[in-house]
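Given next are the chains, with one letter for each unit.
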Amino acid sequence: MNNNSIVTNIIVSGVGGQGSILTSHLLAEAALIEGHEVKLAETFGAATRGGSVYAHVRVGEVWAPMMREDEADAVISLEPLEGLRVGLKFLKPGGSAIINTHPWYPVDVTVGRAKYPSISTIIDAFRKINANIHCIDATSLALEAGDSRAVNSVVLGGLIALDILPITRESIFTAMSEKWKEKLVRINEKAFDLGFDYIKSII
Amino acid sequence: MNKVSNPPAGKKMVLLGNEAIARGAIEAGVKVVTAYPGTPSSEIVETLLECSQDLGFYAEWSVNEKVSFEVSIGASLMGVRALTALKGAGLNVIMDMLMTIPYTGTRGGFVLVVADDPGAHYSSNEQDSRFAAQWANLLCLEPESQQEAKEMTKAAFEFSERLELPVIVRSATRLSHCSGVVEIGNIEGSQMEPGFNKHYKLPFRWNVYGPPGTEGKHIWQLNQLTYIRELVDKIKFNQVEKGSSPVAIISSGMGTAYSREAVRELKQNGNLWFVKIGTPYPLPEEKLIPVLQNCKKILVVEDGDPLIETQLRVLAQQKGISVKLFGKTGEGVLQLHGELTTDKVVSALAKVLDLKLPNDDARKAVKTKLEALVPPRSSTLCAGCPHLGSYWAIKKALISGKENVPVVNGDIGCYEQAGYGVKGVVPETNELPSVRYSSKLPYDFLDTLHIMGSGISLAQGEARSGIETGQYWAVAGDSTFFHSCMPGLVNAVWNGTKITFVVMDNSWTSMTGHQVCPATGLNPRNQTTKIIPIEDVAKSLGIEFIEVVDPYDLAETGEAMKRASAFDGPSVVIARRECVLQVLRREGKQQPKTSVDNDRCTGCKTCLQLGCPAITFNDKKAGIDGLLCVNCGMCAQICPVKAIVEEKA
């Protein structure tokens, strides 16, 4: 049976409008389908679009919806900078990060008030906090699956490939089919598998 | 149809705290539900609206919180169960009625849900609304989980009927906007027979002045408080677990969730007394006296201000018990600002227990250094947001000259982002009486920003200060106009005060999730209804200068702003264009047609001043992000060298 005393902490991050919250809900629904306890915390700024967004998903017996600092087993991010932002705060030593490499520049960078770190700087930063960092061009894989918006499913596939969660591919697909129409489910399943296979091939 | 309208009893679902509260109301057989949207409470009534037609109860978005509260109270007086949900700031709008209704009481179960926002994720203050319960002498329940949120809401209706008073359920962002597993229960109703009786149980029951008069009704209410105190000592939501050592942790709401984590983290299970308070006001005193007597040290964990802590100090003093209380007053092991977290509670508990936490300074130092690499992501308006055009036009209409200091007063809605500033950029301050600042982006444009409806009245005071070197502007959205700007507008007309009021009418209550409002053309049950035109309202209130413009047309909008501010009296400009997100949702996103001609672009950055997130700037040239651009055409209008071009189809 399910062992709820083992707690797995995941963060999904991105920019408002990319689907991080939706992804976290898919994870939580899939956890429930498999009979686990689950808590989900959504954090979003005031902006509907364009702000930093992250969601904590905690599988197992927990009470607080948000994990502590240095407690995340994995961070998956639909945008590189947002992955770094939450990764630095929440990833535990030895935790894993899966980062989509396609940046979404903040207005602060556009107007020249801040500098966007290069992908190699981001990778380096993750290594300095003893994290396993995996980069993925999820934006291209999502296009290959048939819809640029399926970035979240690519990254989600990558997370399941890490094999750190008591959640199967099938439960994720069941959760998807409870939310979406069949055509959308097919695209997202394909995106999921592309992400899954890619991460499997590099770890 | 909504997922919580009709799931079978016993089913387990992942529900948002707000959905769990909605389900609790459904299981209690609620008949009338009202609210004005306010983050983080909006999904409660949003969910109930989606269930109302299937389940046969009435739900509405009301024009503001005061109206909403009174509509629901009216239903309760008729003997049916009713609920109002609001955010902390919304509670302030109902305070007049909230302080008076306990004198006459309620009949059908009445539940007021208040969702506070410790940490001010979405709010203009961090107020602790539980104090309203203490002020008004009402029972306050505070759930620690989504499951309990559902159960407490359901029970609150029954408590309300038993006590004949409103019951407050206090939520917080981390409950309302977090999800957990909730087991669905049966729908049960009230046994009460609806109807209206003027002298129900007491003379002139629903009239605070009717004999025996206001003081007599106050005496009735204070007597009810003794029943509330009896009730809270009996209910399951207050629990005391004894521990083996004379130390207790007493917590409520989300504080209880963090306390459970902290006790596990510090391996104190069974060692500490664990007291879970479900009723922060009033406290279950009979249950708590043995805790005070048996413990030498007590840590109080509550999100917000020290309500439980101060009541415990009073109780200990009354009973002559000497116990060391730790919390937010006195030694202050927890802060009075910000939200609680497990980390904060772990370190507070460690202090109380004199435990040393593992030292992770080296890792912290590495992280701090790396954090410097992470640029902020300031909040922006959306690509193609009509408000960008309105702000551009107002900026162009401001009088020039250093000695002139116009004041632009903000209000609450998406357009308040013009007051958020750019993250990490804190302006230098000085002590000069009057300074004019230039503002390149729309995001540091607003000069004042507080609460709904405040801008239009602040502008009048500024205009009446006798300082004539400025123009006095106020902005508000359509939903905010109907919520609380109309009295301010009447005041300006009546007193003849010269202000310029810009209504950014985008047809929706966008910021809280695109709820309908009187400018939408739909009622809250999604039926077509007439739009209440803001220009007609303004005209009927006596405004003599009214212009309606399209904020995508920057030149036209700018000219209208100039004419309005030159008008000798209160003037109104209505910048009308539907919220671009709603247009995209309905019509889908078109292929981007706008691009920058690299040969023409001089890299002057004028376009960046529009503040549109679709405009990029790399290698000294502007660009357009095709994923974001909605072809609104505003940037093309402001480019001084016509380098931004729209491809003709």
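In case you missed it, the structure is sitting above this.
Throughout this document, residue positions are counted from 1 along each chain, in the order its sequence is written. Chain A is the first chain written and ligand 1 is the first ligand written, with later ones labelled in order. Thresholds applied to this predicted model are a pLDDT of at least 70 for local features of residues and 80 or more for the giving and counting of side-chain atom pairs; totals over whole chains, interfaces and linings are not thresholded and use all residues. As a rule here, side-chain values come from all non-hydrogen atoms in the structure, and water together with hydrogens is ignored.

Novice: Just to check I follow, could you spell out unusual backbone geometry for this structure?
Specialist: Leaving glycine aside, a negative phi is the common case for residues, and trans is the common case for peptide bonds. Residues and elements named next belong to chain B. With an omega dihedral of 10°, the bond running from Thr39 to Pro40 counts as a cis peptide bond. In this structure, the amide linkage connecting Tyr281 to the following residue, Pro282, adopts the cis form with an omega of -15°. A run of DSSP states H or I qualifies as a helix once it reaches four residues; a run of E qualifies as a strand once it reaches two. Both are numbered from the N-terminal end. Looking at the element boundaries, Pro282 is found in the loop between strand S11 (273-277) and helix H11 (285-294). Positive phi outside glycine occurs at Ser507, with the angle close to 75°. Position of Ser507 among the secondary structure elements: in the loop between strand S16 (500-505) and helix H18 (534-540). When accessible area is computed with a 1.4 Å probe and restricted to protein chains, residues below 20% of their type maximum are described as buried, those above 50% as exposed, and intermediate ones as partly exposed. We classify Ser507 as buried; its relative accessible area is 17%.

Novice: Just checking my understanding: could you explain the environment of Leu370(B) for this structure?
Specialist: Examined against the element boundaries, Leu370(B) turns out to sit in helix H14 (residues 361-371). We classify Leu370(B) as buried; its relative accessible area is 7%. For the pair Leu370(B) and Pro8(B), spaced 362 residues apart in the sequence, the C-alpha separation amounts to 50 Å. Leave out the neighbours within four places in its chain, and Leu370(B) touches Leu88(A), Ala125(A), Lys128(A) and Ile129(A). Throughout, a contact is declared for two residues whenever any of their heavy atoms are within 4.5 Å.

Novice: Before we go on, may I ask you to explain the interface of chain B and chain A in this structure?
Specialist: By a widely used convention, the size of an interface equals the accessible area lost when the partners come together. Contacts between the two partners involve 56 residues from chain B, matched on the other side by 61 residues from chain A. When chain B packs against chain A, the two sides together hide about 5,000 Å² of surface, and 58% of this comes from carbon and sulfur. What counts as buried area is the accessible surface, traced by a 1.4 Å probe, that two parts surrender upon association, with contributions from both included. The largest per-residue losses of area from chain B upon contact with chain A belong to Arg363(B), Pro375(B) and Arg377(B), which jointly make up 16% of the total buried on that side. By definition, a salt bridge exists where a carboxyl oxygen of Asp or Glu is found within 4 Å of a side-chain nitrogen of Lys or Arg. Counting every contact that joins chain B to chain A gives 7 salt bridges. With its nearest N and O atoms 2.5 Å apart, the salt bridge here joins Arg377(B) to Glu82(A). Between N or O atoms, a polar contact is any pair within 3.5 Å; within protein, one atom must be a potential hydrogen donor and the other a potential acceptor, and residues adjacent in sequence are included only when both atoms are from side chains. Here chain B is connected to chain A by 20 residue pairs in polar contact (both at pLDDT 80 or more). For the side of chain B that touches chain A, the elements supplying multiple residues, two or more each, are strand S1 (12-16), strand S8 (178-183), helix H10 (254-265), helix H13 (342-352), H14, helix H20 (580-587) and strand S20 (615-618) of chain B. The leading source of residues in the side of chain B that touches chain A is H10(B), at 7 residues.

Novice: How should I be thinking about the pattern of salt bridges in this particular structure?
Specialist: Note that side chains of opposite charge can pair when their charged atoms are close. As enumerated under the stated definition, the model contains 51 salt bridges over all chains in all. The partner of Asp124(A) in a salt bridge is Lys128(A), and the shortest N-O contact between them spans 3.4 Å. In this pair, Asp124(A) and Lys128(A) are both assigned in helix H4 (residues 119-128), 4 residues apart and thus about one turn of the helix distant. Judged by its relative accessible area of 37%, Asp124(A) falls in the partly exposed class. The class of Lys128(A) is partly exposed, set by a relative accessible area of 48%. Note that Arg577(B) is salt-bridged to Asp550(B), the shortest N-O span being 2.9 Å. Taken as a pair, Arg577(B) in the loop between strand S18 (571-576) and H20 and Asp550(B) in the loop between strand S17 (545-549) and helix H19 (554-566) lie far apart in primary sequence, 27 residues in all. Here Arg577(B) falls in the partly exposed class, since its relative accessible area comes to 30%. Its relative accessible area of 24% is what places Asp550(B) among the partly exposed residues. Among the charged side chains, a salt-bridge network with shared partners connects Asp116(B), Asp128(B), Arg130(B), Glu142(B), Arg170(B) and Glu302(B).

Novice: Honestly, the side chain of His483(B) in this entry has me stumped. Any pointers?
Specialist: Residue and element names in this part refer to chain B. With respect to the element layout, His483 can be found in helix H17 (residues 478-495). Side-chain polar atoms of His483 contact the side chain of Glu65, separated by 2.6 Å. Other than its neighbours up to four places away in sequence, His483 contacts Tyr36, Val63, Asn64, Glu65, Val93 and Met452.

Novice: Just checking my understanding: could you explain the sheet that holds strand S4 (residues 82-87) of chain B for this structure?
Specialist: Two strands in a sheet stick together by hydrogen bonds in their backbones, pointing the same way (parallel) or opposite ways (antiparallel). Residue and element names in this part refer to chain B. Spatial ordering of the open sheet is given by S3-S2-S4-S5-S7-S6, a layout of 6 strands whose pairing is parallel. One side of each edge strand has no neighbouring strand; the edge strands of this open sheet are strand S3 (58-61) and strand S6 (139-141). Neighbour to neighbour, the strand axes of the sheet diverge by 20° on average, direction disregarded. Here, any two strands with at least 2 DSSP bridges between them count as paired. Sheet analysis places S4 next to strand S5 (residues 110-116), joined by 6 bridges and oriented parallel. A fitted line through C-alpha atoms represents every axis, and for helices the fit uses only the stretch in contact; the resulting angles, taken between N-to-C directions, go from 0 to 180 degrees.

Novice: Help me out: how do you make sense of H20(B) in this one?
Specialist: It helps to recall that an α-helix has 3.6 residues per turn; residues three or four apart then point in one direction. All names here are of chain B. Those residues of H20 lying buried are Val580, Leu581, Gln582 and Leu584. In this structure, the buried side of H20 is in contact with helix H15 (386-397). Taken from the residues just after H20, Gly588 is the one with a positive phi, measuring 80°.

Novice: What am I meant to see in the nonpolar core here?
Specialist: Soluble globular proteins tend to bury their nonpolar side chains together. What is meant by a nonpolar core is a set of buried Ala, Val, Leu, Ile, Met, Phe, Trp, Tyr and Cys residues, joined one to another through side-chain atoms within 4.5 Å. Counting 183 residues, the largest nonpolar core has Leu83(B), Leu112(B), Phe159(B), Leu299(B), Tyr391(B), Ile394(B) and Phe501(B) as the members making the most contacts within it. With 7 residues, the single largest contributor to this core is helix H7 (residues 146-163) of chain B. Within the second largest apolar cluster, 45 residues are counted, among which are Val57(A), Val154(A), Ile172(A) and Val185(A).

Novice: Sorry if this is basic, but what is going on with the packing of aromatic side chains here?
Specialist: Any aromatic ring pair is given by two values, namely how distant the centres are and how the planes are angled relative to each other. A pair of aromatic rings is counted whenever rings of Phe, Tyr or Trp (Trp by its six-membered ring) have centres within 6.5 Å, and the orientation is called stacked for planes under 30 degrees apart, edge-to-face for over 60 and tilted otherwise. All chains considered together, the criterion is met by 10 aromatic pairs over all chains. Ring geometry for Tyr54(A) versus Phe90(A): centroids 6.2 Å apart, planes at 45°, classification tilted. Taken together, the residues span a long stretch of sequence, with Tyr54(A) in strand S3 (residues 52-59) and Phe90(A) in helix H2 (residues 80-90) at a distance of 36 residues. By relative accessible area, Tyr54(A) is classed as buried at 17%. Where Phe192(A) meets Phe196(A), the ring centres are 6.2 Å apart and the plane angle is 20°; that geometry is what we call stacked. Taken together, the positions of Phe192(A) and Phe196(A), both in helix H8 (residues 182-202) and 4 residues apart, correspond to about one turn of that helix. Among the aromatic side chains, those forming a connected cluster through ring pairs are Phe173(A), Phe192(A) and Phe196(A). For Arg107(B), the ring lying beneath its charged end belongs to Tyr200(B), and the centroid distance is 4.8 Å. Cation over ring: Lys396(B) sits above Trp392(B), and NZ or CZ is 4.6 Å from the ring centre. Working rule: Lys NZ or Arg CZ, within 6 Å of ring centre, within 35 degrees of ring normal, means a charge sits over the ring.

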